[in-house]
Amino acid sequence: MLRILKAGLALLLTLALTWALNTKLGDVPPVARLLSPYRGIWQNGEAEADFAAQQTLQLPGLHQPVRVRFDDRRVPHIFAENEHDLYYAQGYLTAHDRLWQMEFMTRVAAGRISEVVGPKALEYDRFQRRMGLPYGAENTLREMLRNDTTRLVLESYAAGVNAYINSLSPKDYPFEYKLLDYAPEPWQPLKSALLLKLMAWDLSGRSDDLRLSNILSKYGPEVVRDLFPDYPNRTDAIVPPGTPLEFEPRPVPPTPPSFTAAMAGKLPQREPDPELGSNNFAVAGSRSASGLPLLANDPHLQLNLPSIWYQAQLHAPGVNVYGVTIPGAPTIIIGFNEDVAWGVTNVGGDVLDWYQLKFRDARQREYWHEGRWKPVRRVVERIAVRGQPDRLDTVLYTHHGPIVYDQQEKVFNKQTPIRHALRWTAHDGGNEVLAFYRLNRAHSYPDYRRALRMYASPAQNFIFADNRNEIAIQPNGRFPLKWPDQGKFILDGTDARYDWQGWIPMEQNPHVKDPARGFVSSANQPSAGFDYPYYLGWDYAPSDRGHRINERLTQLRGATPDSLRNLQNDNLGVNARQMLPWMLSTVTGSKMTDNCFLPLLPNSPEYAAVGALAQWNYRYESDAVAASVFELWYNDLVKRLWDDDFGSAAGLEMRYPSRARTNQLLLRESGSMLTCFQKASPWIDDRTTAKRENVHDLLTASLHFAVDSLTRKFGPMGPKWAWANQKSTDINHLANLTGFGRQDIDCPGSPGSVNATGPRNGPSWRMVVALGPQVKAYGIFPGGQSGNPASAYYDDMIESWRVGKLDELVFLRAADENHPRLGAAWRLEARP
């Protein structure tokens, strides 16, 4: 009997252990399956010989054979006989290399991460859905499927992705599926639309409306006008002031009297319910060695592995284009063909507004608008949660858009006002795929303009050059026709005059072609000068990068591709060049202030740091010690200046004034040029202390903070204080899986330099194109073509990227063309 009991217990224990080792428990993966030699992660190992040099694949749904050549970076060069097969092959090959990434990103956009990781992602999923990303994707998909061309492109691409998915058995799944214990699902065109909305969220989902409204409420309109002026850094507008208008502007809607009154301070404002950059530039033939244009682009995004971009060449009748695309989206997004080249940077215009609502009662079934009660539309979201029952979440919609939070609760994003409706261009239908389809086939400037008319969101600065010696740039997208400052603050959702009342015609978006200065450029600064007739927003990225790019392009003659590559890797900090001389002179004293404070002690660490700073050339090189000191010193100075007034200490969700206005105040209004800081701005004083501080007090405290921080981290001042150590650029795995990223990469640059490399963000793709009879192009991204961490092509481009090199891109004219860097050759055929 005892033997039977022992045998039973042993069997039960074995069964329990078998279940546990084959089941995902919390964050622990199913260990037995994960480590299985037949289906586990060992199956994902990839040696060079595992990639077939020659093979023919039989695929369902292909119409005609497709030839694919792979170069030494494993970039596919796809040669198809028709458009269906071209995008089918693009979908198949992208999925072959990046399936987990593209599918995971669409789950992020759709608010479906809880299905994979369980309840810890529930609030994130709710937020994505309540912000309306799936809602906007569905609207965009309807628009794209109405067009025969984009329907063909999207459905062919999806068919190719699905052909790859259907060829897999669980042992073939990318390792992330095994680690997280789930399986890929069929690809649909909606997923491509979701990816576009995710980009819209990254690039246009920021809002200052709540923070500015709180500032207006606390300090009044005079302070807003003084410290938060429109376009504080408009000196290097993308379209230069004085560029002739080629259109008759439409009338701008009048500013409602109630808004004017509020800004005049005559009426109290309605009490409201309680934060990526890029560069592109092109030079005309008059400034190049070849006599034909050169174009460069480096979009700055969060750096992850697998890389956000995937290189490909697409060739079919009527098109031969090379560039990068986001895995999951068909066509080429940034690239070139035999006649033209184009690139993008983010505009950063104000295309997201919040509307304060008045509900009829606590049930929130109706809201007041245009003099009557209007019904609220209720949409029930079903959120699947791994290991738990589905959650139901009801989202309320008005004519403006979704009410992101309709009840008092802890919000996912602090800039989200409760019981307010959201109006956002990303919610509207658009056909961005058709815009890129046409750009891929463009041969001239008119083709470029025709393509841009289809583009809606997120607004981008589209730069252009062609082999007819034309260059151009157009901040482009759908911009609402607003009265000045409309949307700078939370808007009155009861008054129709506060609604968006139409759009700026696409052909009237700011644009310039062949300017006299011989170049066009953008770096996320304001789109146009004050002579542009429409309001696009009030605040943009600091002007540092744009100013530096224009400064160097103005001096450029006889430019070569290497000239533009060098400019992409320019590490000079314009802010340091502007502010450091003043900071040093003020902290060390002058004849006006020498008797107002004690000098730095000669043997102090701060004295030594000041000495190093005085020798610095303002370049953020990897070994620059002074760069580490300056960044900590300046940023802490700004914090000490504003935190008591507009930071967390002030008790409301607010923001600091822009860098331009901050620098102006420090340089001109801090009393640093007057005897003992007389007539200093009252903003200098720290309101939280009994003492009345002057700017020298702030500077010395910040300098001490910087030196003390670096000493605690690296020891006494020395080589360990090098900028690369302090900045510490990391490229993490997309899902933050430890061990599958690259940390502490030794590279120069800073968020404010043209080489905008920060701790987690940076140039995600550097490209230089030389137009001509035989176009030549160069490019690199910080990763590799493969999404498989076990592949040699997972991160093989990082070292070249780190040191600022570019690969010459292999651009083929025909499938049979010989090239020394070509390797594998595949043939895709229709399955009988």
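See the structure shown above.
Not measured: the values here are computed from a predicted model.

1. Considering the packing of helix H13 (residues 432-440) against helix H14 (residues 445-452)
Remark: H13 packs on H14, axes separated minimally by 8 Å, with the N-to-C direction vectors making an angle of 170 degrees. Judged by the angle between their axes, H13 and H14 are roughly antiparallel. Within the contact between the two elements, H13 uses Ala 435, Arg 438 and Leu 439 and H14 uses Tyr 448, Arg 450, Ala 451 and Leu 452. Split by residue class, the contact of H13 with H14 holds five nonpolar, no polar and two charged.

2. Examining the pattern of salt bridges
Applying the stated criterion across every chain yields a total of 51 salt bridges. Here Lys 488 and Asp 230 are joined by a salt bridge, their closest N and O atoms 2.9 Å apart. Between Lys 374 and Glu 370 there is a salt bridge whose closest N-O contact spans 3.2 Å. Judged by relative accessible area, Lys 374 falls into the buried class, the value being 11%. Linked through salt bridges whose partners overlap, the residues forming this network are Glu 103, Arg 107, Arg 112, Glu 115, Glu 185 and Lys 191.

3. Digging into the environment of Gly 758
Topologically, Gly 758 is positioned in the loop between strand S24 (742-745) and strand S25 (761-763). For Gly 758, a relative accessible area of 4% translates into the label buried. Along the sequence, Gly 758 and Thr 729 sit 29 residues apart, while their C-alpha atoms lie 6.0 Å from each other. Once residues lying within four places of it in the same chain are set aside, the contact partners of Gly 758 are Lys 727, Thr 729 and Pro 751.

4. A short note on the nonpolar core
The tendency in soluble globular proteins is for nonpolar side chains to be buried side by side. Core analysis: the biggest nonpolar cluster contains 165 residues, and Met 131, Trp 309, Phe 336, Trp 424 and Leu 564 have the highest contact counts within it. In this structure, Phe 336 is in contact with Asn 320, Val 321, Tyr 322, Ala 341, Trp 342, Val 769, Val 775, Ala 777, Leu 809 and Phe 811, ignoring residues within four places of it in sequence. Among the nonpolar cores identified, the runner-up in size contains 53 residues, and Ala 626, Phe 630, Leu 666 and Phe 677 belong to it.

5. Concerning the packing of helix H6 (residues 133-145) against helix H9 (residues 189-204)
Packing of H6 against H9 leaves a shortest axis separation of 8 Å and a crossing angle of 125 degrees. By the angle class used here, H6 and H9 are oblique. Along this stretch, H6 crosses H9, giving a crossing that reads as right-handed. In this structure, H6 contributes Leu 133, Pro 134, Gly 136, Ala 137, Glu 138, Thr 140, Leu 141 and Met 144 to the contact, and H9 contributes Pro 189, Leu 190, Ala 193, Leu 194, Lys 197, Leu 198 and Trp 201. The residue makeup of the contact of H6 with H9, split by class, is eleven nonpolar, two polar and two charged.

6. Focus on the packing of aromatic side chains
Centre-to-centre distance and the angle between the planes together describe a pair of aromatic rings. Taken as a whole and assessed by the stated rule, the structure comprises 38 aromatic pairs. Centroid distance Trp 100 to Phe 104: 4.7 Å. Interplanar angle 25 degrees. Geometry classified as stacked. Residue Trp 100 and its partner Phe 104 are located together in helix H3 (residues 83-110), separated by four residues, close to a single helical turn. Considered together, Trp 100 and Phe 104 belong to a single accessibility category, that of buried residues.

7. Digging into the environment of Val 395
Tracing the backbone through its elements, the reader meets Val 395 in strand S15 (residues 388-397). Using a relative accessible area of 0% as the deciding quantity, one classes Val 395 as buried. Distance in space between the C-alpha atoms of Val 395 and Tyr 405 is 8.1 Å, their sequence separation being ten residues. If sequence neighbours within four positions are ignored, Val 395 has contacts with Arg 130, Arg 377, Arg 378, Val 379, Glu 381, Pro 402 and Ile 403.

8. A look at the state of the cysteines
Note on terminology: a disulfide is the covalent bond linking the sulfur atoms of two cysteines. Within this structure, the stated rule accounts for one disulfide. Two residues, Cys 596 and Cys 676, share a disulfide whose sulfurs are 1.9 Å apart. Across the S-S bond linking Cys 596 and Cys 676, the dihedral sits near -85 degrees, which makes this disulfide left-handed. Here Cys 596 is found in the loop between helix H17 (574-588) and helix H18 (605-614), whereas its partner Cys 676 is found in the loop between helix H20 (659-669) and helix H21 (695-714), with 80 residues between them in sequence. Classification of Cys 676 by relative accessible area gives partly exposed; the value is 40%.

About the cut-offs
- Residues numbered from 1 in each chain as written.
- Predicted model: local features only at pLDDT ≥ 70, side-chain atom pairs only at ≥ 80, totals over all residues.
- Heavy atoms only, no water.
- Axes fitted to C-alpha atoms, helices over the stretch in contact; angles between N-to-C directions.
- Helix = DSSP H or I, 4+ residues; strand = E, 2+ residues; numbered from the N terminus.
- Parallel < 35°, antiparallel > 145°, perpendicular 65-115°, else oblique.
- Contact = heavy atoms within 4.5 Å.
- Nonpolar A, V, L, I, M, F, W, Y, C, P; charged D, E, K, R; others polar.
- Salt bridge = Lys/Arg side-chain N within 4 Å of Asp/Glu carboxyl O.
- Buried < 20%, exposed > 50% of the residue type's maximum accessible area, 1.4 Å probe, protein only.
- Core = buried A, V, L, I, M, F, W, Y, C linked by side-chain atoms within 4.5 Å.
- Left-handed = near helix turned anticlockwise from the far one by under 90°.
- Phe/Tyr/Trp six-rings, centres within 6.5 Å; stacked < 30°, edge-to-face > 60°.
- Disulfide = S-S within 2.5 Å.

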